[in-house]
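# Residue-level structure breakdown
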Amino acid sequence: MTVIVRDFRPEDAEAVAASRRALLPFIAVTPRSVLFDVETANAAQKMRLLVAEKDGEIIGTAYAGVAYDSSEPGQSHATPQVHPDHRGQGAGGLLLRAAEEHLAAEGATTMYTWVMDAPENRAFAEKRGYRPTRTAHFQRLDLARAALPEVPGTLPPGVELRTAADYEADPRPMFEADAEATSDEPSDIATDLDDYEDWLAHVWNNPLLHRGLSTVVTVDGRVASYTAAYTDGGTRYVSGMTGTLRAYRGRGLAKLAKTDSLHLARAAGYTDAYTSNDGANEPMLAINKWFGYEICATEVRHVRALG
């Protein structure tokens, strides 16, 4: 009946995916994506996937890693997640402690963790010295029944709709657009996408990324806006990132990209659309509300110093 924490093994992939789906039904995860995350992690990330096990059953997980793609050194992150049927048995505390010890040993000085916005979860974090910093909202759209806006029959001059699949021969324009849009995302940890090969390995080649459903809006042939679609091969369609380059903002291109992508997803048979936004990202929250998305869960980021 003792809970132990150990490193992930490849044969754990199915159980880890099932545990994460039970706890976070608004994300896309598969056994293949779990293996991908572990096998392709950048060495500089010092990533460990920790699992909590009880009587041979995996009841919790924690991804722990250094924010290697941030210009600010010493930043790290880990979020313990325990299956709803196994809370209150000490697994979350053990996972958190193991993550803290690992990251501190790798030179991290600050650790961030996400906590679901419920009194017991916030108390768990605060009891261990974490303080809240910002919120993020998960949102759901009933894609099977939603009254989606129509894709305009006529687009403005120079504007075209494509998909990420059109850039498979040369993804660099997508990388450049993602780098600019990501740098403007509100976050505690600034992300600097400046390594094309790393982006190819961890973003472009992510097995959850559905390039054919990821709409790209071009203006005069240049990528101006895009939305990245992640799917689990079942019913879930998740908007991973929607961004518009600075020179093209204020023209409704993000709405156009999301509208087209949602129609493509529905035609492909996906019935549940999810997305998430930082609580301070008012433009995207407004766009998603316009589409009919409703907040289904909120999480709060917490931070504490290590060492």
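Below is a short write-up of the structure. (Residues numbered from 1 in each chain as written. Predicted model: local features only at pLDDT ≥ 70, side-chain atom pairs only at ≥ 80, totals over all residues. Heavy atoms only, no water.)

Below, the discussion takes up the overall build of the protein chain. Secondary structure summary: the protein chain contains 8 helices and 13 strands in total. In summary, the protein chain has a C-alpha radius of gyration of 20 Å against a globular reference of 19 Å for 307 residues, a match within 12%. By residue count, 51% of the 307 residues in the protein chain fall in the buried class. Considering only residue pairs separated by 6 or more positions, the protein chain has 72% of its internal contacts joining residues 24 or more positions apart. (Helix = DSSP H or I, 4+ residues; strand = E, 2+ residues; numbered from the N terminus. Rg over C-alpha atoms; globule rule 2.2 N^0.38 Å. Buried < 20%, exposed > 50% of the residue type's maximum accessible area, 1.4 Å probe, protein only. Contact = heavy atoms within 4.5 Å.)

Of note, Gly233 is situated in the loop between strand 10 (222–231) and strand 11 (236–244). Residue class for Gly233 comes out exposed when judged on its relative accessible area of 65%. In the structure, Gly233 is positioned 22 residues away from Lys255 in sequence and 25 Å away in space, judged by C-alpha atoms.

The geometry of two aromatic rings is summed up by the distance between their centres and the angle between their planes. Enumeration over the complete set of coordinates arrives at 6 aromatic pairs. Both rings, one in Phe26 and one in Phe138, keep their centres 4.1 Å apart while their planes meet at 25°; by these two values the pair is stacked. Placement of Phe26 in the loop between helix 1 (13–23) and helix 2 (31–39) and of Phe138 in strand 7 (residues 131–142) is noted, with a sequence separation of 112 residues between them. For Phe26, a relative accessible area of 8% translates into the label buried. Judged by centre distance (6.2 Å) and plane angle (15°), the ring pair of Tyr196 and Trp199 falls under stacked. Of this pair, Tyr196 and Trp199 both sit in helix 6 (residues 196–204), 3 residues apart, roughly one helical turn. Taking the relative accessible area as the measure of exposure, Tyr196 reaches 13% and is therefore buried. Ring-pair connections join several aromatic residues into one group, and the members of that group are Phe175, Tyr196, Trp199 and Trp204. Sitting over the face of the ring of Trp290, Lys255 holds its NZ or CZ atom 4.0 Å from the ring centroid. For the cation-ring pair, Arg304 lies above Tyr130, with the distance from its terminal atom to the ring centre recorded as 5.8 Å. (Phe/Tyr/Trp six-rings, centres within 6.5 Å; stacked < 30°, edge-to-face > 60°. Lys NZ or Arg CZ within 6 Å of the ring centre and 35° of its normal.)

Turning our attention to the side chain of Thr298. Tracing the chain through its elements places Thr298 in strand 13 (residues 294–305). What makes Thr298 buried here is its relative accessible area of 18%. In terms of polar contacts, Thr298 uses its side chain to reach the side chain of His137, at 2.9 Å. Residues within four places of Thr298 in sequence aside, it is in contact with Met116, Asp117, Thr135, Ala136 and His137. (Polar contact = N/O pair within 3.5 Å; in protein donor to acceptor, adjacent residues only side chain to side chain.)

All of the buried residues in helix 1 are Ala13, Val16, Ala17, Ser19, Arg20 and Leu23. Buried positions in helix 1, seen along its axis, are confined to an arc of 160° and lie on one side of it. Turning to helix 1, the residues buried within the fold contact helix 2, strand 2 (48–54), strand 3 (57–66) and strand 5 (81–82). (Arc of directions from axis to C-beta.)

As a further point, take the packing of helix 5 (residues 172–183) against helix 6. Geometry of a packed helix pair, given as the angle between the helix axes and the separation of the axes. Axis separation between helix 5 and helix 6 bottoms out at 11 Å; the angle between their running directions is 90°. By the angle between their directions, the pair helix 5 and helix 6 is classed as roughly perpendicular. Here Arg172, Met174, Phe175 and Asp178 of helix 5 come into contact with helix 6, specifically with Tyr196, Trp199, Val203 and Trp204. Taken together, the residues that form the contact of helix 5 with helix 6 break down as 6 nonpolar, no polar and 2 charged. (Axes fitted to C-alpha atoms, helices over the stretch in contact; angles between N-to-C directions. Parallel < 35°, antiparallel > 145°, perpendicular 65-115°, else oblique. Nonpolar A, V, L, I, M, F, W, Y, C, P; charged D, E, K, R; others polar.)

This next bit is on the pairing of strand 11. Burial of strand 11 is extensive: 8 of the 9 residues sit out of reach of the surface. A loop of 4 residues connects strand 10 with strand 11, the two strands running antiparallel in sequence, and Gly233 in this loop sits at a positive phi of about 80°. Relative to strand 12 (residues 272–278), strand 11 is paired through 4 bridges, and the arrangement is parallel. From the neighbouring strand, Tyr237 faces strand 12, where its bridge partner is Ala273. (Pairing = 2+ DSSP bridges.)

The subject of this paragraph is the nonpolar core. Counting 47 residues, the largest nonpolar core has Phe8, Phe26, Val34, Met174, Trp199, Trp204 and Tyr226 as its most contacted members. Looking at this core element by element, the count peaks at 5 residues for strand 10. Residues Ala62, Ala64, Ala91 and Leu103 belong to the second largest nonpolar core, which totals 21 residues. (Core = buried A, V, L, I, M, F, W, Y, C linked by side-chain atoms within 4.5 Å.)

This part is about the pattern of salt bridges. Counted according to the given criterion, the structure contains 13 salt bridges. With a shortest N-O distance of 2.8 Å, Arg6 and Glu53 are connected by a salt bridge. A residue pair is termed long-range when its members are at least 10 positions apart, and Arg6 in strand 1 (residues 3–7) and Glu53 in strand 2 qualify at 47 residues. By the burial criterion, Arg6 is buried, and Glu53 matches it. In this structure, Asp232 engages Arg236 in a salt bridge whose closest nitrogen and oxygen atoms are separated by 3.1 Å. Since its relative accessible area comes to 18%, Arg236 is described here as buried. What you see here is one network of salt bridges that share partners, running through Arg6, Asp12 and Glu53. (Salt bridge = Lys/Arg side-chain N within 4 Å of Asp/Glu carboxyl O.)

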